Structures are given as C-alpha cells and as structure tokens.
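# An overview of the molecular structure
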Amino acid sequence: GWDSGEQVLIQGIIDAYFYEGEEIVLVDYKTDFVPEEHPHRLAEKYRAQLDYYQMALERLTGRRVKERLIYSFCLNREIPV
C-alpha cells in the first residue's frame, strides 16, 4: 500500500502503435514462453500494462485506442487483449 496523496510513477516503453483511420492499434511484443493451448495467459499477465499504455496514448494523442494486441514470438502470432 501507499499513501493516497503520494504520486506514483510507472515506467515502460510502448513497443509499437499505428493509426487505422483516426484510431490507434497498440502492439506489445513478448518473448515469454507460453504453451500453444494457453495464449490467453499472456493477455491476462499483461492486461494492466496495456491498460496503462492505452491511457498514455489516448492522453498524448487525443485519439482512441481501438485495438490492443500482444505479439508472441514464442507462439508466432498475435493475441488480442
């Protein structure tokens, strides 16, 4: 826990994003091992991180993030979050 008056900073780097029309697609690359039959584990593990990235992008650009994807190098595919 922390004091509710305390300022909290979060550090991270957005791997990639691009525009589709007026909206944004956010992409985060992951190298974690994940079994082929459980790709949802990556989405669950990194959902909060992508929430923060989405909030930052929307505040900075004034545009809506319409889609959030994890690209898993282990599975060689994208996973919607």
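To start, this report covers the structure provided alongside it. Just so you know, these numbers come straight off a predicted model, no measurement behind them.

### Overview of the pairing of strand β4 (residues 77-80)
The side chains of a regular strand alternate, residue by residue, between the two faces of the sheet. Relative to β4, strand β3 (residues 65-72) is paired through four bridges, and the arrangement is antiparallel. Looking at the pairing, Ser 72 lines up with Arg 77 of β4. Once β3 ends, the chain turns through four residues before running back antiparallel as β4, passing Asn 76 with a positive phi of about 60 degrees.

### Side note on the sheet that holds strand β1 (residues 16-20)
If you walk across this open sheet you meet the four strands as β1-β2-β3-β4, and the pairing is mixed. The open sheet has two edge strands, β1 and β4, and neither has a second partner. For this sheet, the mean angle separating the axes of adjacent strands, direction not counted, is 30 degrees. Lying over the sheet, helix α1 (residues 40-61) contacts β1, β2 (23-30), β3 and β4, oriented at roughly 140 degrees with respect to β3.

What counts, and where the lines are drawn
Residues numbered from 1 in each chain as written. Predicted model: local features only at pLDDT ≥ 70, side-chain atom pairs only at ≥ 80, totals over all residues. Heavy atoms only, no water. Pairing = 2+ DSSP bridges. Helix = DSSP H or I, 4+ residues; strand = E, 2+ residues; numbered from the N terminus. Axes fitted to C-alpha atoms, helices over the stretch in contact; angles between N-to-C directions. Contact = heavy atoms within 4.5 Å.

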